[in-house]
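# Observations on the three-dimensional arrangement
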Amino acid sequence: MKQVWDAALYQARHAYVFEHGESLIELLAPRKGERILDLGCGSGQLTAKIAQSGACVMGIDRSEEMIEEARRGFPALRFDVADAANFAVDQPLDAVFSNAALHWVKDAGGVAKSVARALRPGGRFVIEMGGKGNVQSIIAAVREVAGPVETPWYFPSVGEYAALLERHGFEVAFATLFDRPTRVEGEDGLEDWLEMFAGSMVGTAEIRREVANRAPRKMFQDGAWTLDYRRLRVVTKCNH
């Protein structure tokens, strides 16, 4: 099944995705007048935050639903539908920023090639994405219910991703893999998460409910689920 994005559900129940990304903007350190691309911009909240620096920023995302929502929410900014693994820009960029998007793109080499082509020499590529071991308890519960399904995600290790970027002409200045236990509210919080982010694996409400029943009970405490997120953050410079 193709992943379908519900932009309204994303903003109503999963705002933590872009809220956690605000600290990544500090690593980006955008400056007035810089040309910056938000790669996998979703509904545009972080694109708008970057624009507050005075940078000239645009966002791209493969989801038409997300781009429509971004255009409604931030009509002064430019948002386009495009593939992160195969995109082009009109003029060289000073930086490419990406939060919680690139684990959805299994063609990681295509991403690195496209970003390298888009950046000026010395341009920055600042990334946060799911890393090795991300949501492994949920994946185990899904496979217990649905069998050996293929996940839609790419969760690399630090070494794997750093080596890939270096092969495409990037110098890795900083890379870290860290745990970020992520709270989703309500008894149905995990089912909502599965609907939003794992619909291609668990397409019906009955399957999602069964996955929640099979998930480790320690994940649900005090009226909320705590998901076993692991995040990979990388800061690079393009040397071509």
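The coordinates are above.
Residues numbered from 1 in each chain as written. Predicted model: local features only at pLDDT ≥ 70, side-chain atom pairs only at ≥ 80, totals over all residues. Heavy atoms only, no water.

### Side note on the overall build of the chain
We count it as follows: The secondary structure listing takes helices from DSSP runs of H or I that are at least 4 residues long and strands from runs of E that are at least 2 residues long, numbered from the N terminus. C-alpha atoms define the radius of gyration, and 2.2 Å times the number of residues to the power 0.38 defines the globule rule. Every residue pair with non-hydrogen atoms within 4.5 Å of one another is taken to be in contact. Computed with the Shrake-Rupley method and a 1.4 Å probe, the accessible areas treat only the protein chains shown as cover for residues. Residues counted as positive are Lys and Arg, residues counted as negative are Asp and Glu, and His and the chain ends are not counted. A charged residue contributes its charge at one atom only: NZ of Lys, CZ of Arg, CG of Asp or CD of Glu.
The secondary structure content of the chain amounts to 10 helices and 10 strands. Here the C-alpha radius of gyration of the chain, 18 Å, is about what a compact globule of 240 residues would show, namely 18 Å. Dimensions along the principal axes, computed over C-alpha positions, put the chain at roughly 50 × 40 × 30 Å. For the chain, the share of sequence-separated contacts (at least 6 apart) that also reach a separation of at least 24 residues comes to 76%. Just so you have it, the chain exposes about 11,000 Å², and 49% of that area is on carbon and sulfur atoms. In the chain, which carries 29 positive and 33 negative side-chain charges, the distance between the mean positions of the two groups comes to 5 Å.

### What about the sheet that holds strand β8 (residues 220-221)?
In plain terms, the rule: For two strands to be treated as a pair, DSSP must find at least two bridges joining them. Geometry is summarised by axes, namely lines fitted to C-alpha atoms with helices restricted to the contacting stretch, and by angles between N-to-C directions that run from 0 to 180 degrees.
Taken in spatial order, the three strands line up as β7-β9-β8 in an open sheet, and their pairing is antiparallel. Each edge of the sheet is formed by a strand with only one pairing partner; in this case those strands are β7 (182-185) and β8. Bridging between β8 and strand β9 (residues 224-227) involves two bridges; their strand directions are antiparallel. Residue pairing in the sheet places Gln221 in a bridge with Ala224 of β9. Running over the sheet, helix α9 (residues 189-197) touches β7 and β9 and is turned about 50° from β9.

### Examining the nonpolar core
Keep this limit in mind: Side-chain atoms within 4.5 Å are what join buried Ala, Val, Leu, Ile, Met, Phe, Trp, Tyr and Cys residues into a set we call a nonpolar core. Only protein chains enter the accessibility calculation, which uses a 1.4 Å probe. A residue is then buried if its area is under 20% of the maximum for its type, exposed if over 50%, and partly exposed in between.
Of all hydrophobic cores here, the largest spans 29 residues; its most connected members are Leu39, Leu102, Phe125 and Tyr161. Looking at this core, the elements that each hand over two or more residues are β1 (35-39), β2 (56-61), β4 (93-99), α6 (108-118), β5 (119-130), α8 (158-167) and β10 (230-238). Ranked by residues supplied to this core, first place goes to α6 with six residues. In this structure, Ile138, Val142, Trp153 and Val202 belong to the second largest nonpolar core, which totals 24 residues.

### A closer look at the sheet that holds β5
One open sheet accounts for seven strands, arranged β3-β2-β1-β4-β5-β10-β6; its pairing is mixed. The sheet terminates laterally at β3 (78-81) and β6 (170-179), the two strands that pair on one side only. For this sheet the average axis-to-axis angle between neighbouring strands, irrespective of direction, equals 15°. Sheet strands touched by α6: β1, β4, β5, β6 and β10. Its angle to β5, the strand with the most contacts, is close to 145°. Its contacts with the sheet place α8 against β5, β6 and β10, and it is angled at close to 160° to β6.

### Overview of unusual backbone geometry
Although it is not a glycine, Ala29 sits at a positive phi angle of roughly 50°. One can find Ala29 in the loop between α3 (22-28) and β1. Residue Ala100 is not a glycine yet carries a positive backbone phi of 55°. Tracing the backbone shows Ala100 in the loop between β4 and α6.

### Quick notes on helix α10 (residues 205-214)
In plain terms, the rule: Relevant arc is that of directions from the helix axis to the C-beta atoms, nothing else.
Of the positions making up α10, those classed as buried are Arg208, Val211 and Ala212. The buried residues of α10 occupy an angular sector of 100° when projected down its axis, which confines them to one face. Those residues of α10 that are exposed and angled more than 90 degrees off the buried face are Glu206 and Asn213.

### What to know about the packing of α6 against α8
As a reminder of what qualifies: Oblique is the label for any angle not covered by the other classes, which are roughly parallel (under 35 degrees), roughly antiparallel (over 145) and roughly perpendicular (65 to 115). By definition, any crossing whose near helix is turned counterclockwise from its far helix by less than a right angle is left-handed, and any crossing with a clockwise turn is right-handed. All residues other than Ala, Val, Leu, Ile, Met, Phe, Trp, Tyr, Cys, Pro, Asp, Glu, Lys and Arg, Gly among them, are scored as polar; the first ten of these are nonpolar and the last four charged.
Relative orientation of the contacting elements α6 and α8 amounts to 45°, with a least axis distance of 9 Å. Regarding the angle of α6 to α8, the classification is oblique. As for the relative orientation of α6 and α8, their crossing is right-handed in sense. Residues Ala108, Gly109 and Ala112 of α6 touch α8, and the partners they reach there are Tyr161, Leu164 and Leu165. Residues belonging to the contact of α6 with α8 are distributed by class as follows: five nonpolar, one polar and no charged.

### As for the state of the cysteines
We apply this condition: For this text, the term disulfide refers to a pair of cysteine sulfurs within 2.5 Å.
For the coordinates displayed, the defined rule picks out zero disulfides. No disulfide involves Cys238; its sulfur sits 19 Å from the nearest other cysteine sulfur, which is in Cys56.

### Quick look at the side chain of Asp94
Assignment of secondary structure puts Asp94 in strand β4. Those residues in contact with Asp94, other than ones at most four positions away along the chain, are Glu34, Arg35, Leu119, Arg120, Gly123 and Arg124.

### Looking at the packing of helix α7 (residues 136-146) against α10
Angle between the axes and distance between the axes: these two values describe a pair of packed helices. Two elements in contact, α7 and α10, have axes whose closest approach is 9 Å; the angle formed by their N-to-C orientations is 120°. One way to sum up the angle between α7 and α10 is to call them oblique. Judged by the sense of rotation from one axis to the other, the crossing of α7 with α10 is right-handed. On α10, the residues that touch Ala141, Val142, Glu144 and Val145 of α7 are Ile207, Glu210, Val211 and Arg214. Looking at the contact of α7 with α10 residue by residue, the class counts come to five nonpolar, no polar and three charged.

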